Amino acid sequence: METGEGRPGVAATLRALNGALGRPAALWVKESGARNLRHRDFLAPRAALSAAFPGGQVPADVVAGVTSLGGPGVLAVRGCQETPAGLAVQVRRPEAFRRLLGPLPAPAPGAQPGWVVLHCPALHPRAALRPRHLRPLLLADHLAQLLRAQGVGVRLVPALAEEGSREVLQQLHIDWPSSSGGSALPDTVSALKQALGRSPCAAACEQGPGAAVLPEDVICKVHLKSFVEQQGLVGYDPNLDVLLVTEGKLRSLAELQQAVLQCMAGGQGSCCSIVHVVSCEEEFQQQQLDLLWRILDAGAHTALQKHLVCGPVKVTNPSSPIGADQYFQLRKRQMYEASVMKYGELAQDEAWTEVIDTLTVAAIRFEMLSTAHRSQITLDLEDSSISTKGTKSGAFVMYNCARLATLFDNYQQAVERGTYPPLPPVSELNFSCLREEGEWLLLFNYLLPFPEVLQQAAQLPAPTKGIRITANTEMVCKFLIQLSMDFSSYYNRVHVLGEPFPHLFDQMFARLQLLGAVRDVFHSALATLHLPPLSQI
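Values in this document were obtained by computation on a predicted structure and should not be read as measured data.

Peer 1: Please explain the nonpolar core as it appears in this structure.
Peer 2: In terms of nonpolar packing, the biggest core is built from 137 residues, with Leu21, Trp28, Leu118, Trp176 and Leu515 touching the most fellow members. At 13 residues, the largest contribution of residues to this core is made by helix H19 (residues 502–527). Apart from the residues lying within four places of it in its own chain, the contact partners of Trp176 are Cys120, Leu123, Leu137, Ala140, Leu156, Val157, Pro158, Leu160 and Leu169. Judged by nonpolar contacts, the second largest core, of 34 residues, contains Trp115, Leu250, Val260 and Ile295.

Peer 1: Please explain the sheet that holds strand E11 (residues 305–310) as it appears in this structure.
Peer 2: Overall, parallel pairing links the four strands, which are arranged E6-E5-E10-E11 in an open sheet. In this open sheet, the two strands that pair with only one neighbour each are strand E6 (153–157) and E11. Taking the axes of each pair of neighbouring strands and ignoring which way they run, one obtains an average angle of 20° across the sheet. Where strand E5 (residues 115–119) meets E6, five bridges bridge the pair, whose relative direction is parallel. Bridging across to E6, Val116 finds its partner in Val154.

Peer 1: I tried to follow the side chain of Thr473 on my own but got confused; where do I start?
Peer 2: Inspection of the secondary structure puts Thr473 in the loop between helix H17 (450–457) and helix H18 (475–493). Discounting chain neighbours no more than four positions away, the residues touching Thr473 are Leu139, His142, Leu143, Leu369 and His373.

Peer 1: It is not clear to me how the sheet that holds strand E2 (residues 42–45) should be interpreted in this structure. Could you clarify?
Peer 2: Think of a sheet as strands paired side by side through backbone hydrogen bonds, with each pair either parallel or antiparallel. Strand order in the open sheet formed by four strands is E1-E2-E4-E3, and the pairing between neighbours is antiparallel. At either end of the open sheet lies a strand with only one pairing partner, and these are strand E1 (29–30) and strand E3 (77–83). Pairing analysis gives six bridges linking E3 to strand E4 (residues 86–91), with the strands arranged antiparallel. By the bridge assignment, Glu82 is partnered in E4 with Leu87. Most of the contacts of helix H4 (residues 60–67) go to E3, to which it runs at about 145°, and overall it touches E3 and E4.

Peer 1: Help me understand helix H5 (residues 93–101), please; the structure alone is not making it clear to me.
Peer 2: Side chains three or four residues apart in an α-helix point the same way, a direct result of the helix having 3.6 residues per turn. The set of residues buried in H5 consists of Glu95, Ala96, Phe97, Arg99, Leu100 and Leu101. Where the residues of H5 are buried, they touch helix H16 (437–447) and H19.

Peer 1: Would you take a moment to explain the environment of Glu367 for this structure?
Peer 2: Inspection of the secondary structure assignment puts Glu367 in helix H14 (residues 352–369). C-alpha separation for the pair Glu367 and Ile377, spaced 10 residues apart in sequence, amounts to 8.2 Å. Dropping the residues within four chain positions of it, Glu367 is found in contact with Tyr327, Arg331, Ile377 and Leu379. Of note is the side chain of Glu367, whose polar atom sits 2.4 Å from the side chain of Tyr327.

Peer 1: How should I be thinking about the pairing of E11 in this particular structure?
Peer 2: Each regular strand shows side chains that alternate between the opposite faces of the sheet. Along E11, six of the six residues are buried, which leaves the element largely enclosed by surrounding structure. Neither face of E11 is left uncovered, since the one carrying Gln305, His307 and Val309 and the one carrying Lys306, Leu308 and Cys310 both have all their residues buried. Relative to E11, strand E10 (residues 273–279) is paired through six bridges, and the arrangement is parallel. Bridged to Val278 within E11 is Val309.

Peer 1: Explain the pattern of salt bridges here, please?
Peer 2: Any two side chains of opposite charge can pair, given that their charged atoms come close. In this structure the tally under the stated criterion is 14 salt bridges. Where Arg92 meets Glu95, a salt bridge forms, and the shortest distance between an N and an O atom there is 3.4 Å.

Peer 1: Is there a simple way to explain helix H1 (residues 10–21) in this structure?
Peer 2: The first and last C-alpha atoms of H1 sit 17 Å apart over 12 residues, in line with the 16 Å expected at 1.5 Å per residue. Looking at H1, one finds that the buried residues are Val10, Ala12, Thr13, Leu14, Ala16, Leu17, Asn18 and Leu21. Just downstream of H1, Gly22 is the residue with a positive phi angle, here 65°.

Peer 1: I tried to follow the packing of helix H15 (residues 394–417) against H19 on my own but got confused; where do I start?
Peer 2: A pair of packed helices is characterised by two quantities: the angle between their axes and the separation of those axes. Packing of H15 against H19 brings their axes to within 10 Å, and their N-to-C directions diverge by 140°. It follows that H15 is oblique to H19 by the angle criterion. The handedness of the crossing between H15 and H19 comes out as left-handed. Residues Val397, Met398, Asn400, Cys401, Leu404, Leu407, Phe408 and Tyr411 of H15 pack against Met508, Phe509, Leu512, Leu515, Gly516, Val518, Arg519, Phe522, His523 and Leu526 of H19. Here the contact of H15 with H19 is built from residues that sort into 14 nonpolar, three polar and one charged.

Peer 1: Looking at this model, I keep getting lost on the pairing of E5. Mind explaining?
Peer 2: Across the five residues of E5, five count as buried, placing the element largely inside the fold. Here E5 shows two buried faces, one formed by Trp115, Val117 and His119 and the other by Val116 and Leu118. Pairing analysis gives four bridges linking E5 to E10, with the strands arranged parallel. Along E10, the bridge assignment pairs Val117 with Ile274.

Analysis parameters
- Residues numbered from 1 in each chain as written.
- Predicted model: local features only at pLDDT ≥ 70, side-chain atom pairs only at ≥ 80, totals over all residues.
- Heavy atoms only, no water.
- Core = buried A, V, L, I, M, F, W, Y, C linked by side-chain atoms within 4.5 Å.
- Buried < 20%, exposed > 50% of the residue type's maximum accessible area, 1.4 Å probe, protein only.
- Helix = DSSP H or I, 4+ residues; strand = E, 2+ residues; numbered from the N terminus.
- Contact = heavy atoms within 4.5 Å.
- Pairing = 2+ DSSP bridges.
- Axes fitted to C-alpha atoms, helices over the stretch in contact; angles between N-to-C directions.
- Polar contact = N/O pair within 3.5 Å; in protein donor to acceptor, adjacent residues only side chain to side chain.
- Salt bridge = Lys/Arg side-chain N within 4 Å of Asp/Glu carboxyl O.
- Expected span 1.5 Å × (residues − 1).
- Parallel < 35°, antiparallel > 145°, perpendicular 65-115°, else oblique.
- Left-handed = near helix turned anticlockwise from the far one by under 90°.
- Nonpolar A, V, L, I, M, F, W, Y, C, P; charged D, E, K, R; others polar.

Okay, structure coming up:
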């Protein structure tokens, strides 16, 4: 059967399998466990078949249709058979290796995805950044990279003003703009003040005997509760009532307004969506600003505001409140000590300074981002909490990425010595040599779904009700951790660069092509976290 053009994908294959059964329900699941993958790649479970077909019996012509599947993005089927577990499908594995490891066709041009403004209130002027402020910052930075990889334009707000914050963000490889609309901001603030003067929701603050003393920068007060009720808005905190509007609040809105205007001037459609990436402690204040902006600007963009809320960050055993810079320096010292324990005097060499820095950033990013954003995370500040050995850490991911770099360095040096021939063109490789269980696991569970993982991690769904949204921002970290575990297991078991005998070269070349693709996946995924791959550890 003609397989068609296009890179094979999980979603396309599942759609084709479900279409072949001729039922509206999604019946098929992709296998991922090593035990099940020994026998099948996709399964239509027995319970689902019983609900879809009389007696659970799939007609022979339907089974034949599954076997002859093909088309753009669809994995070719080798066989389909009834089993006690259900209808089991195995794909043509050598062909899958060839299609995924060969030159990929250029992606078809799609519609312009538009623009997103990511607003992180944690960066508004404050006394000092703390670990709980880093979580939404790191999440917004990661989300910006994921969106850009999907072709979405991104603006980050607010501009960085505090010198101390800039240094901390640079240490953590957070790429944040340090200047905003500049001279246009005062004009935007003035326009917002004029809108405030015309708004029926705004009222002057009472002065005189008996009135509460207000801060000097308060301009007026705005009745939020009545606005929410009049507009029939849902999802806002019921305790929102009267907001004291200050110059600082209007400046925050002016920066958002400028970012929206810049997006619209980019010619990417008439509007853009705004996502407030906010800690749960600052959610109430951000809802106030959200409503104030809606009151002052009835444009479509203010109605497209979404709130992506991060759960609390609990710090255990702090002797006193710890700042973001102290947290980074603590993790850096712990990573240095753990590296010296593992690698001895090597880790004290000056060349290791950059390695330790990168490992520290990786440890912090994985600590902050590998948990679903709405869940609480706990930072254990004890020395024993950081290790180069744990399989769930950023350091473990970086270590396995470095192992791949070392493998290809060793191969290249062997080629230069004349031990091995250079890697032939992919069209000459024999992928039927890849019969090891771990090889199919790497291709089927990681190389195949990787583009869809990036796509799902970048999705910002509309709120089902209210203003909060949930995003899958933990997907990339979890994907990298699982990939590292399965790659490490395979690499510890299989000798890739074997004896230089010609009859062994076919298998070695096919393995190098596979692991080169795995290396590319590591690099692409780490780039969304602003983590440079290490050439050695």
